[in-house]
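Read off the chains here:
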Amino acid sequence: MLGWFKKKKDTGTGQIKAGAVTTETNTAEEAAAEETEQLQGTGIFGDRSDEIPGVTDHAEPDEQKAQPAADTVDSPSLFKRLSDKLSRTRDTFVHQMDSLFLGKKEIDAELLDDLEELLITADIGVATSAELIDYARKKVKRQELSDPQSLKRFIKEKLRSYIVDTTRPAELVMPASGPFIIMVVGVNGVGKTTTIGKIAHKFVNSGQTVLLAAADTFRAAAVSQLKIWGERSGIEVLSRGEGADPSSVAFDAITQAVAENYDVVIVDTAGRLHTQSNLMEELKKIKRVIGKKLEDAPHEILLVIDATTGQNGISQAKLFDEAVGVTGLALTKLDGTAKGGIVANISRYMNIPIRFIGIGEKIDDLRDFDPDEFIEALFQNR
Ligand SMILES: Nc1nc2c(ncn2[C@@H]2O[C@H](COP(=O)(O)OP(=O)(O)O)[C@@H](O)[C@H]2O)c(=O)[nH]1
Ligand SMILES: [Mg+2]
């Protein structure tokens, strides 16, 4: 579990009133219920929900209420949803693997070749696929792998280990006191703003106060998009309009967050021109300016990657990491891609933990990334 959305205890820095806190579960539920009520009051949830993209249209109020506590591995319905959302990846990878194995009694060279091709198709990457098949070949030689089912288990375990090796507790990046500053970066269209909306919602559901900073000032539309997400969760958005200096927007947001004891600030940034140095220079400047206002901030630099872009995602990760030092990843659009192998491959190449996966456009279509849950959902039998 990610650990960012634990119920905030009243430390005097947050805005949660101590009197309202009874037990952790109660407050999480109460906060969520209150939030739902507020949103229903503004008509954001309720009868208009089917007109607004990104707003959940299937959640009953009860489900809304249960959301913060239920976003864990052990909830069967959430697991099923993840599994449903990953069905394209599963169909094109795991199920094709099963078809490949169908009727095969032993592992032969042809099977291994076909499997390698399949792994590459699933975006596990040429080098990682070759490495996996090499391991498998050696194991077959040593007679440690004999039947196709044990080969499937081996692949599953190996993919899992690639991911687990980069996993680190997300709480470690959170500050002991003062606002938690998250700067979100990534190329255009990967889902930064959407992911920010979803993360902010999770923080709100856990009773934390959130300020969003609209530091993507290139287009007025970018600012209004963030504002729409802010409205959905009743969150304030600090903006200075189109063309404003992104660093000063970030600076002002941190200043306000410190003065008004906000728990979390999430800074949206522009994503154009990732191959040109001026975007990277601008991001470096935003980071620097945030650090000037608040020591050690930003605490998290979250890179958003569109999983459907495959191997290109890895070169994006390298570029952004070199420029600003990425501390966490969010992989979006895993619902729409047949190439879920990027999850394992990016872990293999970048020593950066995956924090979230995006599995749809709705507000609750973001999951805290859990390697075991992900692998289990991917490898689930038909
Ligand atoms: N299917 C799907 N679409 C997503 C996901 N995340 C974002 N999107 C869509 O991707 C598009 C670009 O998102 P946006 O947040 O504007 O990207 P930005 O330019 O990086 O801020 C929008 O149409 C989003 O609805 C996801 O997890 N799944
Ligand atoms: Mg955006």
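As the structure is a prediction and not an experimental result, all values here were calculated from the model. (Residues numbered from 1 in each chain as written. Chains lettered and ligands numbered in written order. Predicted model: local features only at pLDDT ≥ 70, side-chain atom pairs only at ≥ 80, totals over all residues.)

1. What about the overall build of the protein?
- Of regular secondary structure, the protein possesses 15 helices and eight strands.
- Within the protein, the proportion of its 382 residues that are buried is 47%.
- Long-range contacts, defined here as pairs at least 24 residues apart, represent 76% of the contacts in the protein between residues at least 6 apart. (Helix = DSSP H or I, 4+ residues; strand = E, 2+ residues; numbered from the N terminus. Buried ≥ 20, exposed ≤ 12 C-beta atoms within 10 Å, placed from the backbone. Contact = placed C-beta atoms within 7 Å.)

2. Describing the site of ligand 1
- Taken together, 19 residues sit near ligand 1, with Gly 191, Lys 192, Thr 193, Thr 194 and Gly 358 positioned nearest.
- Examining the composition of the shell around ligand 1, we find that three residues originate from one element, helix α9 (residues 192–205), more than from any other.
- Residues of the shell around ligand 1, tallied by class, amount to three nonpolar, 11 polar and five charged. (Near = placed C-beta within 6 Å. Nonpolar A, V, L, I, M, F, W, Y, C, P; charged D, E, K, R; others polar.)

3. A few points about the environment of Lys 104
- As for its placement among the helices and strands, Lys 104 is situated in the loop between α5 (94–101) and α6 (109–121).
- Using a count of 15 C-beta atoms within 10 Å as the deciding quantity, one classes Lys 104 as partly exposed.
- The spatial distance from the C-alpha of Lys 104 to the C-alpha of Gln 149 is 9.7 Å, given a sequence separation of 45 residues.
- Not counting chain neighbours up to four residues away, the residues in contact with Lys 104 comprise Leu 111 and Pro 148.

4. Side note on helix α15 (residues 371–378)
- Considered for burial, the residues of α15 that qualify are Pro 371, Glu 373, Phe 374, Ala 377 and Leu 378. All buried residues of α15 project into a common sector of 165° when viewed along the axis, lining one side.
- Looking at the packing, one finds that the buried side of α15 touches α3 (76–85), α4 (87–92), α5, α8 (148–166) and α14 (342–349). (Arc of directions from axis to C-beta.)

5. Here we look at the sheet that holds strand β5 (residues 300–306)
- An order of β3-β2-β4-β1-β5-β6-β7-β8 is seen for the eight strands of this open sheet, with the pairing classed as mixed. Of all strands in the sheet, those with a lone pairing partner are β3 (236–238) and β8 (366–368), marking the two edges. For this sheet, the mean inter-axis angle between neighbouring strands, taken without regard to orientation, is 25°.
- Judged from the four bridges that link them, strand β1 (residues 180–185) and β5 form a sheet pairing that is parallel. (Pairing = 2+ DSSP bridges. Axes fitted to C-alpha atoms, helices over the stretch in contact; angles between N-to-C directions.)

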